[in-house]
Amino acid sequence: MAISPDDKTIACGCKEGGVTLWSMDSRSDSPPLWQQDMPGKVWGLDFSTDGRTLAVAVDTPKAALVRLLEPTTGATLGEFEAIDGDKIWSLRFSPDGTRLVSGHSSTARVWECSRLLAGSSRGSSSNVVGAAPRSIVHASFSPSGALLAALDWDTDEIQIWNVRDHTRLRAM
């Protein structure tokens, strides 16, 4: 689930493969703003900080992908496939909305949003977390956007990384 920055909309993904947007102002029996089928299970959702983009992590039978949607209509703005078909567990926009981090079965990747919205899916990410196989189930930027925290499912370790130079600062 994700709540829009203006607190007016909630997005919900489901394991059956769909995304639904609801108005926070509507009654409980009101219809959703829109509903869209996805080609697989939805594992992660996040609104950009300006509320103009909704990122959706989808696990399809062929590959894992992130679909960028326009929240008011559900129109697809862009899409990228996970490198090497790596499952995407989580998504989070940076505080300035220029980057998106995706937590994968084996790493965390930071994506430049302008490249994603322009339709470029390869060569637009940097491998930030982990050279060894890991399961990064959650990744999030610090409020300044300078640091990245990633939770490793296999070791229960929290890793702190410098986003700019990709150095690991510490593990807890």
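Note: the structure precedes this text.
Here's what I pulled together on the structure shown here. (Residues numbered from 1 in each chain as written. Predicted model: local features only at pLDDT ≥ 70, side-chain atom pairs only at ≥ 80, totals over all residues. Heavy atoms only, no water.)

1. Details of the overall build of the protein chain
Here is the rule: Note on conventions: DSSP H or I runs of at least 4 residues are helices, E runs of at least 2 residues are strands, and numbering of each starts at the N terminus. Any residue under 20% of the maximum accessible area for its type is buried, any over 50% is exposed, and the rest in between are partly exposed; the area is computed with a 1.4 Å probe on protein chains only. Accessible surface area values rest on a Shrake-Rupley calculation with a 1.4 Å probe, where residue burial reflects the displayed protein chains alone.
Assigned secondary structure in the protein chain consists of one helix and 16 strands. The burial tally for the protein chain puts 47% of its 172 residues in the buried class. Surface accessibility of the protein chain: about 8,800 Å² in total, with carbon and sulfur atoms responsible for 51%.

2. A closer look at the nonpolar core
Keep this limit in mind: By nonpolar core is meant a set of buried Ala, Val, Leu, Ile, Met, Phe, Trp, Tyr and Cys residues that side-chain atoms within 4.5 Å join together.
Formed by 14 residues in total, the largest nonpolar core has its most connected members in Val 19, Met 38, Leu 45, Leu 54 and Val 56. At the level of elements, strand 3 (18–23), strand 5 (41–47), strand 6 (54–59) and strand 7 (64–69) are the ones that each hand at least two residues to this core. Ala 55, Ala 57, Ile 88 and Trp 111 belong to the second-largest nonpolar core, a separate cluster that totals 13 residues.

3. Quick notes on the pairing of strand 7
Keep this limit in mind: For two strands to pair, DSSP has to find at least two bridges joining them.
Burial analysis of strand 7 places six of its six residues in the buried class, the great majority of the element. Alternating positions in strand 7 separate into two faces, Ala 64, Val 66 and Leu 68 on one and Leu 65, Arg 67 and Leu 69 on the other, with burial throughout. The pairing of strand 6 with strand 7 spans six bridges and is antiparallel. In the strand pairing of strand 7, Ala 55 is matched with Leu 68. As paired strands, strand 7 and strand 8 (residues 76–81) are joined by five bridges and run antiparallel to one another. Looking at the pairing, Leu 68 lines up with Gly 78 of strand 8. Between strand 7 and strand 8, which follow one another and run antiparallel, lie six residues, and Gly 74 among them has a positive phi close to 85°.

4. Digging into a nonpolar patch on the surface
Where we set the bar: Residues forming no salt bridge and having over 30% relative accessible area are the ones grouped into patches, like charges within 9 Å of each other and nonpolar side chains (Val, Leu, Ile, Met, Phe, Trp, Tyr) within 5 Å. Any carboxyl oxygen of Asp or Glu within 4 Å of a side-chain nitrogen of Lys or Arg constitutes a salt bridge here.
Where nonpolar side chains cluster on the molecular surface, the patch consists of Leu 151, Ile 158 and Met 172 and spans about 240 Å² of accessible area. Summarising the element assignment, Met 172 is placed in the segment after strand 16 (168–171). The exposure class of Met 172 is partly exposed, given its relative accessible area of 48%.

These results come straight from atomic positions and should not be treated as a statement about function.
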